[in-house]
Structures are given as structure tokens and as C-alpha cells.
Amino acid sequence: MLLSPAPAPQPMHIPDGFVSVSISIIFWIISILIVAVALRRARRQLGERDVPLMGVLAAAIFAGQMLNFTVLGGTSGHLLGAAIATILLGPWPAILVMTSVVSVQALLFQDGGLLALGANIFNMAIIGVSVSYVVFTGLRRVLNGRAWGLGVSGFLAAWASIFVASLACALQIALSGVSPANVAVPAMASIHALIGIGEGLITAAALAFIYAARRDLLQPAQGSSPGILIGGGIIALALAVLSPLASSHPDGLEWVAEQKGFLSQARSAVYQIIPDYSLPGISNAALSTILAGVIGVVVVFGIAYGIARADRRAAKESSSES
Amino acid sequence: MRSMQPLIEIQNLTYHYPDGKQALNGINLAVMPGEKISLVGANGAGKSTLLLHLNGVLTGEGGIKVDGLALEKANLGRIRALVGLVFQNPDDQLFSSTVYEDVAYGPTYQGLPHSEVQQRVQAALDAVHMDDYASRNPYHLSGGEKKRIAIATVLSMQPQVLIFDEPTAGLDPRARRELIALLHELPQTMLIATHDLPLVEQLTPRTVILNRGAVAADGPTTRILRDARLLDENGLC
Amino acid sequence: MQERYTHSSSPVHALDARVKVILTLVFLLSLNLTPISAWPAYILYLSLTLSVALLARVGTGFVIKRSALALPFMLAALPLVFTGADARPLALPLLRELGWSVPVSLQGLERFASIALRSWISVQAAILLAGTTRFNDLLTALQQIGLPHLFVAIIGLMWRYLSVIGEEVLRMLRARASRSASAPGRYRAGGSLAWRARVTGGMAGSLFLRSLERSDRVYSAMLSRGYNGQQPVEGLEPISAANRRILLAGVALLAALWLFGLLTGR
């Protein structure tokens, strides 16, 4: 029996309500497309071993997020694991592994919303993995042969995965009009620049351990994945450019409003389908709120009462039978 | 003259799992300095759970005192230096790339100066007869070697009492023999949870039987191990 | 990993998992497509989740307690209260004394409150889904709705090994805690931050290495049981008529709630 609390929600799992439905849908579509590609590529790369390998590693990453170290007093650093998964398994399997982890976290532990899951998968599984891959393979090639090359590449890959993912997260929140971009972006960026250091340190140390024990597991994979390299590079570049642009805009909300312009126009079109109906009472905000409150309370208490009656009847029946 | 107060004193210890199931049911036990005691019982009797209470990993109701110190949150730091817990699976305790680093974890965490750490590591490795293993990678060691390194990682903290959870589990006959010889040599007070009845007979003059979270018997090993009915009642044969 | 599923024999537990998944998604969509300041609608959505919690015998306290998770993210939306077109300095005597002028926007406040409420209720819906459906049923339902087989297999295996590997991590954390002590005298315990991170990294490395080896053993075990790379396909049972009626009723109710929200919102 497992006696541990579920991992605390991390500051990158967006709950429902903090990204708009339109943004959620857009990122759901993007994530589904990319994960579909990953499914085919992973099978091609790993063959029959893919299910046991990815399944068990997903469990390891999920559980590994419980590993912590004290940073300051009560706060502690944790591992997200996208970089480690990428370095150990390669980019396409890592995308599937991280997607599994993030999905189950949302479904079962409400760590991140269900509508927002598409965006969360995009940030943590897709950006996290592709940015790690770009940074790691690039740096490793440059630092080839140096003893500390592995640690540095791992550190920077892990740091970048967290940092760039947080930029995407901030932009999604800003585009949804939930937080002004000139607040969300710097806030997320600075917090995750720090969190990324923890991820980097843990990742580098984990790689050092694995290298000392089983060097063969860290050999560069035969044949890189150019698609991911290009895609990851573009994403990282785009976010790096967009973010300072968004946060330096004098009135962050205005910039967001411009973006929302085309989004809200779509919405008002839908609303216009409903005729300008003013039911007596509904147009009066206070009255309709009170009415709704009364209805709500009646419904809830009605159900509670009904259940209590049913329980009492069941208890009476079973005691009369015994 | 040192007063003969118990090194570990457990009074009426009770513990429930989060799901409500009872794990420990009013345990009373006293461990005197220098004793070597076996803790035996069927699987699920509560042996491991009891051990985890002795250094504060788990917290139940009732009182535990270590060397006169009450076991509570404020004292955990000191108590973990007094009570050395060696877990069953060495892989769970070894996380460095060299034996030295693993054995050095304890004293390093304590904040001891570098020279002191070095001395302690050397002494601990000597005690387990692995003095030339300091730069080896624990991952590549055999099961028996890993077990001894795991013991060294605890010895480097110079605890007053050593607690073992199934020390001979999974060892081949030779490694087992060597481990028992090592445990015989070590001077510390010991509490050993085990299924290995021959070990119990060889090593520990006193045996405590645990059954369903309560103490079912506590006395001289020779008497207890000869009592076939007692062993049978408690799932030990 | 404690399962959020709490067993009970309520009508909600007995519902087809596919119906529950679809209704939860429709609920989330209609709630989050409800405009801001639609307080009457929000109240009705809340009474809906509380009613389902009661029907499911999981208790309203359970749902409310667990839904406090979204709180930290509320901070992200807080700036809305202070920005916004109609931001005016708050005329509190205390602030005037201190010479502070805190602009507060009523529109921003309404927006913030709406986001917070919608998010809170959304989390409750997700909690109800997880709390009334066994994980394996959930996975099967998702597969029948369209989740690819390979994915289902990966998640299934992950779930199967989560408690095993989770316990491994727990043991590692306990072993480390057992060796984390203080020394008498003027020594500062804890070591440096970098050292602590390195130790944690070593634990992670050990964990992943052992998991890689475990996956080899799992693969061998699967092979010896006849695994050939094909995933078993769950038989597609059609949704029963009773469940279909509940599904339609639920969707209709949510659509009506959504329209109500449109009328009462801004």
C-alpha cells in the first residue's frame, strides 16, 4: 500500500478556466497531430519493445517527480523529466512518455485541466521534449569529447526545456485574456528560470550517475530526427522573440485585446443567433441571481433529502429482514 | 558509572495506515545498550512498520525514547544520528557514483568538516572490510558487497544502535555467511528484523515475536526457538 | 499514488464510463463558454456539481476540499483586478494616509471572480469523473471513444507499474531521510544546495536506470506470454439505451444552462 501524498500541482500545469476555450481547442488540435506522428515514429524506432519501455519509463518519470531536494526552508525543487526522457529514449518516445504522464496527472489528480490538457501537453511534452533535444544534441556535438560535456549539455537542455515551456504557458494565458502579457510573461519566465536551475542540476547529476554505471545507454542514437530538430528550434526561436515583445508592450491588455479581436468577433456571431430576448426577470441581474440561488439550493437539498430518505428506508428494510 | 537506562524505549506504540487499517497495536519494548535482538514474525506482522518508527520516518501514537531523548519532530535530527537504519534493498540506499560519496552522505549532511568526513568514511569502510572500495562504483558491485556498503553508509554516522530490515534476504550462501560474521563483529547495539531463523540463533540472544502488530513473545532466543507451538501460532514455521 | 477513486454503489458510479467522460467534457465546454459575470448560471453549475457529488455518495466536502488545488493559479489572474479600462484609485482613507493610490477596476474584479469561479467548478467536475470511475474503465472508455491502441497500452502499463515504482521512490526518500541527521556542536546540517541537488540527481539516475532494466524484464515476460506487438482490442459494446438517454438528457441540460449563461452574462 502506497503511503504518499499525490505530488503537489506544479506551476506549469494550467487548470481549466485559465485558458480560453478557443486557445484550448487550437492546442488540442496541434498536440493531437504531433502525438499522432510520434506514435508512428516511436514504433518504427523501437519496434516491439516500445510498449514496455515507454510504459515503465512513464511510470518512472511520474514517480520520479516525487524526488525532491530542499531549496529554502519549506520550498523544494522537483523534476519534470522531459529532458531526461528525451536523452534516454530519443525525442519521439519521450513525447509519448511525457504525454502519458501529463494526461494521467490531469485525469486522475486534477493536476492541470481537462480542456487545458491540449495546451499542457504542448508545453510540457512537445516543447519540453523538442527544446531539450535541440539543445542537447547541438551542445553535445559542439562539446564532443569533453568530460564535462555531458553534464553541461544535460543541464542546459533541462533548463531550456522548462524555461521555454513556461514562455509558451504565459503566452497561452495572456492570449486568453486571463493575465496581461506584460505581467504573465515576466512572472512565469523569472519563476521558471529559477525552477529550471533545479531541473538542470538534477538532470545533470542523473546523467552523471547513468554514465558512470551504464555508459552504453547514453550513446548518441543512430540517425537524428531532423524534423524535431527543426521544429524544436523554430518553436524556441519564436517564443524567444514573441515573449519580450509581448511583455514590453506598454499596455499588455491592449495587445491581448487586439489578439482577442478576431476571437471575440467569432463569439459574438454565435450570440447574435440568439434573438435579443428579454424574459421578464432575466434581464434584471440581481433578481436572476437570487432566483438561480434559490433553485440551486432547492435542487441540492432535494437530492440530499431524497438520498437520506432512501438510506433510511433501506436500513429499515434490512433491519426488518434480519 | 553509566546508568542502565534503555537505549530505545517504546511505550504503547500504535499506528494506523492512512486507510484506517491497524498496523501496530500497543507495542511495548525496551532495548538495553549492548543487546542484540531479533524481531521475527510473519509477513505483514508489522516488523518493517515498527522499525520505521524508531527513527521517525513514521509517526504513531504512544511514546518512543532514544537514549532518553523523546522522539518528536524537534529531536529528529539528533535521533537520526543515534539510530542507524539499514534498509532491505541496498539499491534504495546507494545513489552516488562512488562508494566514497555514498558512505560520506551522512557526515556531509551533518555538516562535519572535510577531514572529519574522510576519517569517518575510512573507519566505516574498514569496519565492513571494504577499505579499498572507496573509488569503486556501487552499481557494479555484487549483492553482498552492496549490502556491506549500505551498512557502511550508516556506520559513518557513528550511531549507537543499528537496525536492520532483513539483512540476509537475497544473499547467496557465502555472502550470507560473511554478513552474519560481520554483524557478529560489529560492537553496536542491534535490532534485526528477519525471517532467517538460523541467523537469529547464531547472532541474537533475545528474540521478540511480532504478530498482527503486537508483541506475542519476548524472551531468550533458545527458549523461543525451541517452542514449536509458539512458532506455529505466529506463522514462523 | 493514492487512487482518487472511492468505491461506492451509487447511480453515478454505475453509469457507463463513456457517458461520464462525454458529459464531463460537455460540462467543461459549456461552463467555460459561459461569459463573465453570469453569476446566476455559475450558481446553477455549482449546484449541478454538488448534486452529482451527493448522488455519487462521495460527499460535497470531499469535492470542495480537493478543488482548492487551482488556488495558486488565481494569483496569475490577480492583475486583472488592477488593470482594465475603468480602473480607478481605491478611495480608502487608510491608503490615502499612506499616499498609496491603488487602482481597482470593477470590470477587472468581475472578470477575476468569474475566472476563479469557473475554474473552481471545472476542477470539481474533473474530481467527480475521477472519483466515480475506475481507472481501467476510464482507459477503456477513452479507447472506445478513439484513443489509439498504442497509447492505451502505454498508459495501461504505466498505471500497472506506478505503485511498484512509486514505492521504490518512497523507500529511496526514506533511506535518505534516515541518513539526514544533525551533529552535536556548531555544525550546520544540510550540506550545500548544489550537493543536495546532486544527491537527488543520483537518486533519479538510479531510479531511471533500474526502470530501464525493469522494462527489459517486463518485455521478456510479455514475450514469454506470447506478446507479438499487437495490442488486444477491447470489444466495442454499444452504449445501452438507458445510458444513452442519460447522455442526451445531460447534454440537453448543459445546453440549456449554457444558453441561460449567455442571457445572464456580459
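Presented here is an overview of the structure given in this document. (Residues numbered from 1 in each chain as written. Chains lettered and ligands numbered in written order. Predicted model: local features only at pLDDT ≥ 70, side-chain atom pairs only at ≥ 80, totals over all residues. Heavy atoms only, no water.)

Focus on the environment of Val31 of chain B
Residues and elements named next belong to chain B. Note the following rule: What counts as a helix is a DSSP run of H or I of at least four residues, what counts as a strand is a run of E of at least two, and both are numbered from the N terminus. Burial here depends on accessible area, computed with a 1.4 Å probe over protein chains only, as a share of the maximum for the residue type. Under 20% is buried, over 50% is exposed, and the range in between is partly exposed.
For Val31, the location among the structural elements is in strand S2 (residues 22-31). With relative accessibility at 1%, the residue Val31 sits in the buried group. Remark: the alpha-carbon pair of Val31 and Ala228, spanning 197 residues in sequence, is separated by 25 Å.

A few points about the packing of helix H2 (residues 17-32) of chain C against helix H12 (residues 241-264) of chain C
When two helices pack together, you describe them by how their axes are tilted relative to each other and by the distance separating the axes. Residue and element names in this part refer to chain C. Just so we agree on the cut-off: The axes are straight lines fitted to the C-alpha atoms, using for helices just the contacting stretch, and the angles between their N-to-C directions are given from 0 to 180°. Note on angle classes: values under 35 degrees are labelled roughly parallel, values over 145 roughly antiparallel, values of 65 to 115 roughly perpendicular, and the remainder oblique. Only heavy atoms matter for contacts: two residues are in contact if any of them lie within 4.5 Å across the pair. Basically, the charged four are Asp, Glu, Lys and Arg, the nonpolar ten are Ala, Val, Leu, Ile, Met, Phe, Trp, Tyr, Cys and Pro, and anything else, Gly included, counts as polar.
In the contact formed by H2 and H12, the axes pass within 10 Å of each other and the chain directions differ by 5°. By the angle class used here, H2 and H12 are roughly parallel. Residues Val19, Ile22, Leu23, Val26, Phe27 and Ser30 of H2 form the contact with H12, whose participating residues are Asn243, Ile246, Leu247, Gly250, Val251, Leu254 and Trp258. Each residue belonging to the contact of H2 with H12 can be placed in one class, and the counts come to 10 nonpolar, 3 polar and no charged.

A short note on the nonpolar core
Heads up, the rule is: Note on terminology: a nonpolar core comprises buried Ala, Val, Leu, Ile, Met, Phe, Trp, Tyr and Cys residues joined through side-chain atoms within 4.5 Å.
Grouped together as the largest cluster of nonpolar side chains are 151 residues, with contacts concentrated most on Leu96 of chain A together with Phe27 and Phe208 of chain C. If one sorts the elements of this core by residue count, helix H10 (residues 149-178) of chain C sits on top with 15 residues. Those residues within four positions of Phe208 of chain C in sequence are excluded, and the remaining contacts are Leu57, Ala60, Ile61, Leu79, Ile84, Leu88 and Ile210 of chain A. Counting residues in hydrophobic clusters, the runner-up holds 34 residues, among them Leu13, Leu24, Val66 and Phe87 of chain B.

Some words on the interface of chain A and chain C
Quick reminder of the rule: Reported buried area values correspond to the accessible surface (1.4 Å probe) lost by two parts on association, with both partners' losses combined. The term salt bridge refers to a side-chain nitrogen of Lys or Arg lying within 4 Å of a carboxyl oxygen of Asp or Glu. N or O atoms closer than or at 3.5 Å make up a polar contact, with two conditions inside protein: a donor-capable atom paired with an acceptor-capable one, and, for residues adjacent in sequence, both atoms drawn from side chains.
Counting from both sides, the interface comprises 92 residues of chain A and, opposite them, 95 residues of chain C. Carbon and sulfur atoms supply 79% of the area that chain A and chain C bury against each other, a total of about 8,300 Å² over both sides. Linking chain A with chain C are 2 salt bridges. Of the charged contacts in the structure, one is a salt bridge between Arg214 of chain A and Glu213 of chain C, with a shortest N-O distance of 3.5 Å. Where chain A packs against chain C, one counts 9 residue pairs in polar contact (both at pLDDT 80 or more). Within the residue set of the side of chain A that touches chain C, elements represented by two or more residues are helix H1 (21-46), helix H2 (50-64), strand S1 (69-72), helix H3 (82-89), helix H4 (91-109), helix H7 (181-213), helix H9 (252-273) and helix H10 (285-321) of chain A. Considering each element in turn, the side of chain A that touches chain C owes the most residues, 15 residues, to H2 of chain A. Residues belonging to the side of chain A that touches chain C are distributed by class as follows: 67 nonpolar, 18 polar and 7 charged.

Side note on the packing of aromatic side chains
Two descriptors summarise a pair of aromatic rings, namely the distance from one centre to the other and the angle between the planes of the rings. Condition: Note on ring pairs: Phe, Tyr and Trp rings are taken, using the six-membered ring of Trp, and paired if centres are within 6.5 Å. Classes follow the plane angle, with under 30 degrees stacked, over 60 edge-to-face and the rest tilted. Think of it as a cone above the ring: NZ of Lys or CZ of Arg counts as a charge over the ring if it is within 6 Å of the ring centre and within 35 degrees of the ring normal.
Counted by the stated rule, this structure contains 11 aromatic pairs over all chains. When the ring of Tyr15 of chain B is compared with that of Tyr17 of chain B, the centres are 6.0 Å apart and the planes differ by 80°; the resulting orientation is edge-to-face. Note on Tyr15 of chain B: relative accessible area 9%, which makes it buried. A centroid spacing of 4.2 Å and a plane angle of 25° characterise the contact between Phe135 of chain C and Trp159 of chain C, whose relative ring orientation is stacked. In this pair, Phe135 of chain C is assigned in helix H9 (residues 135-145) and Trp159 of chain C in helix H10, connecting sequence segments 24 residues apart. Accessibility classification places Phe135 of chain C together with Trp159 of chain C in one group, the buried group. Ring pairs connect the aromatic residues Phe95, Tyr105 and Tyr109 of chain B together with Trp195 of chain C, which therefore count as one cluster. The ring of Tyr161 of chain C carries Arg160 of chain C above its face, with NZ or CZ at 4.6 Å from the centroid.

So, helix H8 (residues 106-132) of chain C
Put simply, the test is: Each residue after the first adds 1.5 Å to the expected span of a helix.
With 27 residues, H8 of chain C should cover 39 Å at 1.5 Å per step; its first-to-last C-alpha distance of 39 Å lies within 8% of that length. By the criterion of burial, H8 of chain C is predominantly enclosed, with 19 of the 27 residues buried.

A short note on the pattern of salt bridges
According to the stated counting rule, one finds 18 salt bridges over all chains in the structure shown. Linking Glu168 of chain C and Arg210 of chain C is a salt bridge whose minimum nitrogen-to-oxygen distance equals 3.8 Å. Here Glu168 of chain C, found in helix H10, pairs with Arg210 of chain C, found in helix H11 (residues 193-224); they are 42 residues apart in sequence, far enough to count as distant. According to the relative accessible area criterion, Glu168 of chain C is buried, its value standing at 5%. The closest approach of N and O atoms between Glu168 of chain C and Arg214 of chain C, which form a salt bridge, is 2.7 Å. On the criterion of sequence distance, the pair formed by Glu168 of chain C in helix H10 and Arg214 of chain C in helix H11 is long-range, its members being 46 residues apart. A cluster of three or more residues bridged by salt bridges with shared partners is formed by Asp92 of chain B together with Glu168, Arg171, Arg210 and Arg214 of chain C.

What about the sheet that holds strand S9 (residues 206-211) of chain B?
Residues and elements named next belong to chain B. Formally: Strands qualify as paired when DSSP identifies two bridges or more between them.
Within the open sheet, the 6 strands sit side by side as S6-S7-S8-S3-S9-S10. Their pairing is mixed. A single partner strand is all that each edge strand has here, and the edge strands are strand S6 (83-86) and strand S10 (214-220). Mean inter-strand twist for the sheet, computed between neighbouring axes without regard to direction, equals 15°. Bridging between strand S3 (residues 36-40) and strand S8 (residues 189-193) involves 4 bridges; their strand directions are parallel.

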